Amino acid sequence: MVRLCATLLICLFGSLNSVHAAPVLFPHWSVGFHEMTFLDPLDLQPMRAIAFYPSSEREHSSKLEGYTVEAGEDTKVAIGRFPMLMLSHGNTGTPLALHDLATSLARKGFVVVAVIHPGDNSKDHSRLGTLSNLYGRPIQISEAITATLGDRMLAPFVNADQVGVIGYSAGGETALILSGATPDLDRLRRYCHERPDDHDACNTQGELIVDRDDLQPVPDPRVHALLLMAPLSLKFGRQTLADVHVPVLLYSGDGDKLVAFDKNAAALARKLPTAPDFKLLAGAGHFVFLAPCNEEQIAAMPALCTDADGVDRKDIHRNLISEAGRFFSHALGKPSRAGMQTADQ
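Our focus in this paragraph is the packing of aromatic side chains. For any pair of aromatic rings, geometry is given as the distance between the ring centres together with the angle between the planes. Under the defined criterion, the tally for this structure stands at six aromatic pairs. Ring centres of tyrosine 251 and phenylalanine 289 lie 6.3 Å apart, and the angle between their planes is 80°; on these two criteria the pair is classed as edge-to-face. Of this pair, tyrosine 251 sits in strand S10 (residues 248-253) while phenylalanine 289 is found in the loop between strand S11 (277-281) and helix H7 (295-300), placing the two residues 38 residues apart along the sequence. Of the two residues, tyrosine 251 and phenylalanine 289, neither departs from the other in class, the shared state being buried.

What follows concerns the pairing of strand S1 (residues 30-39). Most of S1 is tucked away, with seven of its 10 residues classed as buried. Note that S1 and strand S2 (residues 46-55) share 10 bridges and pair antiparallel. Bridge assignment links leucine 39 to a residue of S2, and that residue is proline 46. The hairpin turn running from S1 into S2, its antiparallel successor, is six residues long, and leucine 44 in that turn takes a positive phi close to 60°. The pairing of S1 with strand S5 (residues 72-73) spans two bridges and is classified as parallel. Bridge pairing in S5 links phenylalanine 33 to glutamate 73.

Turning next to the state of the cysteines. Structurally, a disulfide amounts to a covalent bond that connects the sulfur atoms of two cysteines. In this structure the tally under the stated criterion is two disulfides. Disulfide partner of cysteine 293: cysteine 305, at an S-S distance of 2.1 Å. Here the S-S torsion is close to -80°, and the disulfide linking cysteine 293 with cysteine 305 is therefore left-handed. Placement of cysteine 293 in the loop between S11 and H7 and of cysteine 305 in helix H8 (residues 302-305) is noted, with a sequence separation of 12 residues between them. Take cysteine 305: its relative accessible area is 9%, and that puts it in the buried class. When the cysteines of the chain that form disulfides are numbered from the N-terminus onward, they connect as 1-2, 3-4.

Next up on the list: the environment of leucine 85. For leucine 85, the location among the structural elements is in strand S6 (residues 82-88). Spatially, the C-alpha atom of leucine 85 lies 9.1 Å from that of alanine 225, the residues being 140 residues apart in sequence.

This part takes up helix H9 (residues 313-332). Compared with an ideal rise of 1.5 Å per residue, which puts 20 residues at 28 Å, H9 spans 27 Å between its outermost C-alpha atoms and is within 8% of the ideal. Following H9 by one or two positions, glycine 333 has its phi on the positive side, about 100°.

Turning to unusual backbone geometry, a few remarks are in order. Despite not being glycine, threonine 92 has its phi angle at roughly 55°, a positive value. By the secondary structure assignment, threonine 92 is in the loop between S6 and helix H2 (99-107).

As a further point, take the side chain of asparagine 121. Tracing the backbone shows asparagine 121 in the loop between strand S7 (111-116) and helix H3 (131-149). Of note is the side chain of asparagine 121, whose polar atom sits 2.9 Å from the backbone oxygen of histidine 117. In this structure the side chain of asparagine 121 is engaged in a polar contact, spanning 2.9 Å, whose partner is the backbone nitrogen of lysine 123. For asparagine 121, the contacting residues outside a window of four places in its chain are His89, Thr92, Gly93 and Ile116.

Reading the values: rules and limits
- Once a new chain begins, its residue numbering starts again from 1 and follows that chain's sequence as written.
- Residues qualify for local features only when their pLDDT is at least 70, as the model is predicted, and side-chain atom pairs are given and counted only at 80 or more; totals for whole chains, interfaces and linings, by contrast, use all residues.
- Working from all heavy atoms in the structure, the side-chain values ignore hydrogens and water.
- Here a Phe, Tyr or Trp ring, Trp counted by its six-membered ring, pairs with any other such ring whose centre lies within 6.5 Å, and the pair is stacked when the planes are under 30 degrees apart, edge-to-face when over 60, and tilted otherwise.
- A run of DSSP states H or I qualifies as a helix once it reaches four residues; a run of E qualifies as a strand once it reaches two. Both are numbered from the N-terminal end.
- Relative accessible area decides the class of each residue, using a 1.4 Å probe on protein chains only: under 20% of the type maximum gives buried, over 50% gives exposed, and in between gives partly exposed.
- For two strands to pair, DSSP has to find at least two bridges joining them.
- Disulfides are defined as cysteine sulfur pairs within 2.5 Å.
- By this rule, a helix spans an expected 1.5 Å times one less than how many residues it contains.
- Under the rule applied, a polar contact is a pair of N or O atoms within 3.5 Å (in protein, one hydrogen donor and one hydrogen acceptor; residues adjacent in sequence only if both atoms are side-chain atoms).
- Any pair of residues with heavy atoms lying within 4.5 Å of one another is described as a contacting pair.

Just distances and angles here, no functional claims.
Following this line, the structure appears as structure tokens:
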């Protein structure tokens, strides 16, 4: 009996030691960022993107164009093959306004490539309201995918078969075109006749400036999933969405005064060939998807930072980040097994 007890204790301690020696299945990654420059396919001028990725180094915080971003520049990339998410911002915006989403997804094991659209960003509005902007934005995202897959630093760590797109506002329109949707410009004209006071969608009275007649909507078969937030999608009807066959996670606020959810997200949810996972946020406005603001930003940009009573932007972002991580992991797949190790192991 004594020998039996001793044997059991030895087995017990042995099993405990093996548990402690087992590899960590869910490593803690920090976030790095890497700036890329490549040629805009519309005019062969330089354009930029900022890639956020899982890093094996200690936590860093950086100041990027006025935003405090939880990422360090060109820190060591964690070992593995990670899914890649392209981020397309809204008209006259910046992807850095969505920095918390980008860095949080990088921490979960995604490489998030935030593209700055030439001619339609916070510093340059020269293509706003043009045909080249509508059709050019998706082509720019495709070029950014190609550039990332060829980037000396990032290429060994991304999986070309696991590509998704995150589209906010006009970026949602961009994402839909990439997945096979075709804009119907007559729908824009009819909408602007019906709602001429929509100064965002109808700033050119429903007529896009034909600055290029050689461009067409070009889908990218490398794109396999979409996260759309308050998407500008009124140019798409049921027939022009018929070729969209990728899974979609769709968010909108029913208090959106800029991109009316009834003609955009709600209509899109009804018309997509496969019903999206649609999250409608009660009382939330258009800018609720931007990162929660600090006191300085609230003072400088109250319209972008202030939400309706009862709307908790921080809580919305916690849920959005969690849902987005689950959605893309399911739709695209998780990092390869090698991604469970870090570069300094």
